[in-house]
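Chain residues, written in single-letter form:
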Amino acid sequence: MAYDLVIRNGTVVDGSGLTRFHADVGIIADSIATIGVIRERGHQELDAEGHVVAPGFIDAHTHMDAQVNWDPLGTSSCWHGVTSVVMGNCGFTLAPARADRRDLVVRNLERAEDIAAEAMAAGIDWRWETYAQYLDAVDALPKGINYAGYVGHSALRTWAMGERAFEQPASAEDLEVMAAELRDGLRAGALGLTTSRTFNHQTADDRPVASRLATWDEVVALVGVMADEGGGIFELANEDVLRDEERRSEYYGRLQALALSTGAMVTFGVGSGRVPRGEYRAVLDVLEDTAARGGRMIGQAHAREFNIVLSFETQLPFDVLPEWRDLRSWPIEEQKRALRDPSKRAELVAAISDGTWRKGVGAEARKPDYDWIRLMDGPMPPYRSVAEVAAARGVDPAQCMVDCIVESDFAQFFLQPTQNGDQDVVLEIMRHPQCVTTFSDSGAHVSQLIDSSIPTHLLGYWARERQAFTLEEAVRMVTLLPSSLWGFHDRGLVREGMRADLCVFDPETVGPRMPEVVRDLPGGATRLVQHADGIAVTVVNGAVVTRDQQHTGALPGRLLRKRRSTLA
């Protein structure tokens with residue numbers, strides 16, 4: 001047998017959760033042909049001695065709809081062993097979009113998902129109007145990893161209603177236009193429908209994104225279209241009801257009824273507050289009860305605190321204050337000179353104490369709570385709070401934070417948690433049988449978050465350091481489990497006949513590196529990126545895409561379209 005690629009001497013953790021074993025893996029074209037002892041030489045050979053050979057990781061919650069247009073490799077996801085992503089979550093997609101009103105689609109994304117309008121203008125060749133045409137455009141793009149997508153509700157509304165989508169509910173005629181476009185998108189291969197109903201998703205002028213204007217009847221009607229087309233996935237950002245028991249019960253009752261009546265898989269993020277008060281358990285109870293009644297409702301778990309990443313080069317909580325806003329308008333080197341000046345620094349620190357703060361939306365920086373803001377001295381916990389460091393230094397916390405920025409030559413990162421403050425609760429959610437660990441938001445919040453590293457954090461922190469999961473369990477959580485739920489039935493396992501999407505990693509060193517600030521978006525806009533340690537090789541559709549974090553030049557990624565019987 002002539003193999004195109006043989007990966008030798010590795011420890012196979014096949015994604016099933018079963019015990020690891022030593023074997024060679026032989027690949028022909030884009031598929032796994034043999035697992036065992038392989039005598040023949042391959043056209044290309046990789047030695048995986050001391051490494052795990054696992055399925056490529058699957059990230060089911062990204063916003064890479066725009067990024068795929070200008071970043072063929074799929075960074076930062078590709079550096080963390082991710083070989084397939086699902087984009088179009090929370091109602092945000094670039095299609096459908098009428099040629100003369102693309103600005104309406106951009107309006108939905110630019111603040112809610114922190115994707116600069118200038119980057120989209122510079123980096124996107126708008127070759128589509130309908131969602132089906134968008135999928136064709138993605139299919140034609142060079143890609144390092146695989147992509148699948150949903151139809152976004154906010155884009156559907158602007159397609160049907162124009163400016164009215166941001167102002168009012170849909171009419172019966174509007175709904176007919178949305179339903180027709182959704183139906184065409186599903187038939188073209190979309191995985192399903194997504195929407196947002198959360199306060200955290202707003203436009204740059206402080207209005208709700210378009211999907212938030214929809215009545216529940218509109219949502220039910222659109223999910224019904226999906227059911228009529230043979231089913232699919234309904235993903236949503238939930239209504240803000242967790243703290244109110246009566247509203248929470250009513251809302252999740254509606255959501256459960258929708259799952260049971262349509263047969264759709266309903267999925268959404270499940271987390272807890274910075275200080276958990278037990279609300280998350282009520283949501284887990286709904287997941288369990290829906291499953292017991294024969295419905296499908298899946299929680300998406302994060303793997304750590306939900307952190308806003310703060311730094312001098314991206315965003316600081318102080319930037320909203322007039323004195324700091326003025327400073328931040330200066331050239332970078334002038335800002336640094338000002339902060340190195342003790343008198344100017346004292347003036348700026350005083351402004352922090354006296355400041356008036358606006359409410360942060362989504363992943364925007366909040367008013368500082370120094371007991372919760374951490375110094376990010378390494379890529380994984382534990383971290384010290386600014387309050388702890390300030391107490392040890394005997395200075396005011398605001399002074400301490402600014403001093404740390406200057407002392408680090410302006411390279412210090414901080415983490416500002418907004419959710420998941422108790423890691424034992426995070427672990428409880430991750431372990432829940434109706435939850436899957438995903439939710440990176442990759443491609444969005446590019447100067448605010450960096451969570452593409454969820455798989456390497458899971459392997460490095462939870463499996464190796466905390467030993468909360470076996471290696472086999474951890475690999476299954478980011479391979480077979482999401483591949484089964486999202487319908488990628490030919491991926492997610494190291495099995496003969498499966499697609500050859502693989503990750504080769506060192507279990508003793510795998511983990512995220514520190515973030516970096518780069519200016520590589522179209523037009524020179526800033527974003528956070530993060531590489532990984534221990535990821536030796538990624539293989540996508542049989543081709544080696546990265547080796548030791550470097551791109552090989554191969555771009556074998558594919559668009560994964562949902563078919564009635566399979567994904568291809």
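Structure: above.
Residues numbered from 1 in each chain as written. Predicted model: local features only at pLDDT ≥ 70, side-chain atom pairs only at ≥ 80, totals over all residues. Heavy atoms only, no water.

Moving on: the overall build of the protein. The secondary structure content of the protein amounts to 17 helices and 24 strands. Its C-alpha radius of gyration of 24 Å places the protein within 12% of the 24 Å reference for a compact globule of 568 residues. Along the first, second and third principal axes, the C-alpha atoms of the protein reach 75 × 60 × 45 Å. Counting across all 568 residues of the protein, residues that qualify as buried make up 62%. On the protein, roughly 20900 Å² of surface is accessible, and the fraction owed to carbon and sulfur atoms is 47%. With 58 positive and 81 negative side-chain charges, the protein shows a spacing of 1 Å between the two charge centroids. (Helix = DSSP H or I, 4+ residues; strand = E, 2+ residues; numbered from the N terminus. Rg over C-alpha atoms; globule rule 2.2 N^0.38 Å. Buried < 20%, exposed > 50% of the residue type's maximum accessible area, 1.4 Å probe, protein only. Areas by Shrake-Rupley, 256 points an atom, 1.4 Å probe, with all protein chains shown as cover. Lys, Arg positive; Asp, Glu negative; His and termini not counted. Charge placed at Lys NZ, Arg CZ, Asp CG, Glu CD.)

Okay, the state of the cysteines next. Per the counting criterion, the structure on display carries zero disulfides. Free cysteine: Cys-400, not disulfide-bonded; nearest cysteine sulfur from Cys-404 at 4.1 Å. With relative accessibility at 0%, the residue Cys-400 sits in the buried group. Here Cys-503 is not cross-linked by a disulfide; its sulfur's nearest cysteine counterpart is in Cys-78, at 11 Å. (Disulfide = S-S within 2.5 Å.)

Attention now goes to helix 13 (residues 397–407). Counting buried positions over the eleven residues of helix 13 gives eight, a clear majority of the element. All buried positions along helix 13 are accounted for by Ala-398, Cys-400, Met-401, Val-402, Asp-403, Cys-404, Ile-405 and Val-406. Among the residues trailing helix 13, Asp-409 stands out with phi positive, at a value near 60 degrees.

Quick look at the side chain of Glu-472 now. Among the structural elements, Glu-472 can be located in helix 16 (residues 471–477). Polar contacts involving the side chain of Glu-472 include one to the side chain of Arg-20, which spans 2.7 Å. Apart from the residues within four sequence positions on either side, Glu-472 is in contact with Val-13, Gly-17, Leu-18, Thr-19 and Arg-20. (Polar contact = N/O pair within 3.5 Å; in protein donor to acceptor, adjacent residues only side chain to side chain. Contact = heavy atoms within 4.5 Å.)

What follows covers the sheet that holds strand 11 (residues 233–237). Overall, parallel pairing links the six strands, which are arranged 9-10-11-12-13-18 in an open sheet. This sheet does not close on itself; its edge strands, each paired only once, are strand 9 (151–152) and strand 18 (435–437). Relative to strand 10 (residues 192–196), strand 9 runs parallel, the two sharing two bridges. Across the sheet, the residue bridging to Gly-152 is Thr-194, located in strand 10. (Pairing = 2+ DSSP bridges.)

In this section: the nonpolar core. Counting residues in hydrophobic clusters, the biggest one holds 108 residues, and the most contacted among them are Leu-94, Phe-234, Leu-255, Phe-268, Trp-462 and Phe-505. Excluding residues within four positions of it along the chain, Phe-268 makes contact with Leu-236, Asn-238, Tyr-252, Leu-255, Val-283, Leu-287, Met-297, Ile-298, Gly-299 and Gln-300. Formed by 30 residues, the second largest nonpolar core is a distinct cluster that contains Leu-310, Leu-316, Leu-327 and Phe-414. (Core = buried A, V, L, I, M, F, W, Y, C linked by side-chain atoms within 4.5 Å.)

The subject of this paragraph is the packing of aromatic side chains. Considering all chains together, one arrives at ten aromatic pairs under this definition. With a centroid separation of 5.8 Å and an interplanar angle of 45 degrees, the aromatic rings of Tyr-131 and Tyr-134 are classed as tilted. Residue Tyr-131 and its partner Tyr-134 are both found in helix 3 (residues 131–140); the two are separated by three residues, about one turn of the helix. Taken individually, Tyr-131 and Tyr-134 each receive the classification buried, so the pair is uniform in this respect. Both rings, one in Tyr-252 and one in Phe-268, keep their centres 5.8 Å apart while their planes meet at 55 degrees; by these two values the pair is tilted. You can see Tyr-252 sitting in helix 7 (residues 245–262) and its partner Phe-268 sitting in strand 12 (residues 265–270), a full 16 residues away along the chain. This pair shows no difference in class: Tyr-252 is buried, exactly as Phe-268 is. Put simply, the rings of Trp-126, Trp-128, Tyr-131 and Tyr-134 touch in pairs and so form one group of aromatic residues. Arg-107 extends its terminal NZ or CZ atom over the ring of Phe-166, reaching a point 4.6 Å from the ring centre. (Phe/Tyr/Trp six-rings, centres within 6.5 Å; stacked < 30°, edge-to-face > 60°. Lys NZ or Arg CZ within 6 Å of the ring centre and 35° of its normal.)

In a beta sheet, neighbouring strands pair by backbone hydrogen bonds and run either parallel or antiparallel. One open sheet holds the three strands; their spatial order is 6-7-8, and the pairing between them is parallel. The open sheet has two edge strands with one neighbour each: strand 6 (57–59) and strand 8 (146–149). Strand-to-strand twist of the sheet, defined as the mean angle between neighbouring strand axes without regard to direction, takes the value 15 degrees. In terms of strand pairing, strand 7 (residues 82–87) meets strand 8 through four bridges, oriented parallel. Paired with Met-87 across the strands is Gly-149, a residue of strand 8. (Axes fitted to C-alpha atoms, helices over the stretch in contact; angles between N-to-C directions.)

Moving on, we get to the packing of helix 10 (residues 332–340) against helix 11 (residues 342–353). Remark: helix 10 packs on helix 11, axes separated minimally by 5 Å, with the N-to-C direction vectors making an angle of 90 degrees. In terms of their interaxial angle, helix 10 and helix 11 are classed as roughly perpendicular. Contacts from Ala-338, Leu-339 and Arg-340 in helix 10 reach Pro-342, Lys-344, Arg-345 and Leu-348 in helix 11. (Parallel < 35°, antiparallel > 145°, perpendicular 65-115°, else oblique.)

With 18 residues, helix 7 should reach 26 Å at 1.5 Å per residue; the first-to-last C-alpha distance of 26 Å fits that figure. Regarding helix 7, the residues found buried are Arg-248, Tyr-251, Tyr-252, Arg-254, Leu-255, Gln-256, Leu-258, Ala-259 and Thr-262. Taken together, the buried residues of helix 7 touch helix 6 (216–228), strand 11, strand 12, helix 8 (279–292) and strand 13 (296–301). Where helix 7 starts, the residue carrying a side-chain oxygen 3.1 Å from the main-chain nitrogen of Glu-246 turns out to be Asp-244. After helix 7 finishes, the residue Gly-263 shows a positive phi value of roughly 75 degrees. (Expected span 1.5 Å × (residues − 1).)

What follows covers the pairing of strand 7. In terms of burial, strand 7 is a largely internal element, six of the six residues being buried. Here strand 6 runs beside strand 7; their pairing, made up of three bridges, is parallel. Each residue of the ladder has a partner; that of Ile-58, found in strand 7, is Ser-84.

Time to look at the packing of helix 5 (residues 172–188) against helix 6. At a minimum axis separation of 9 Å, helix 5 and helix 6 run at an interaxial angle of 35 degrees. Where helix 5 crosses over helix 6, the two elements pack in a sense that is right-handed. In this structure, helix 5 contributes Leu-175, Met-178, Ala-179, Leu-182, Arg-183 and Leu-186 to the contact, and helix 6 contributes Glu-218, Ala-221, Leu-222, Val-225 and Met-226. (Left-handed = near helix turned anticlockwise from the far one by under 90°.)

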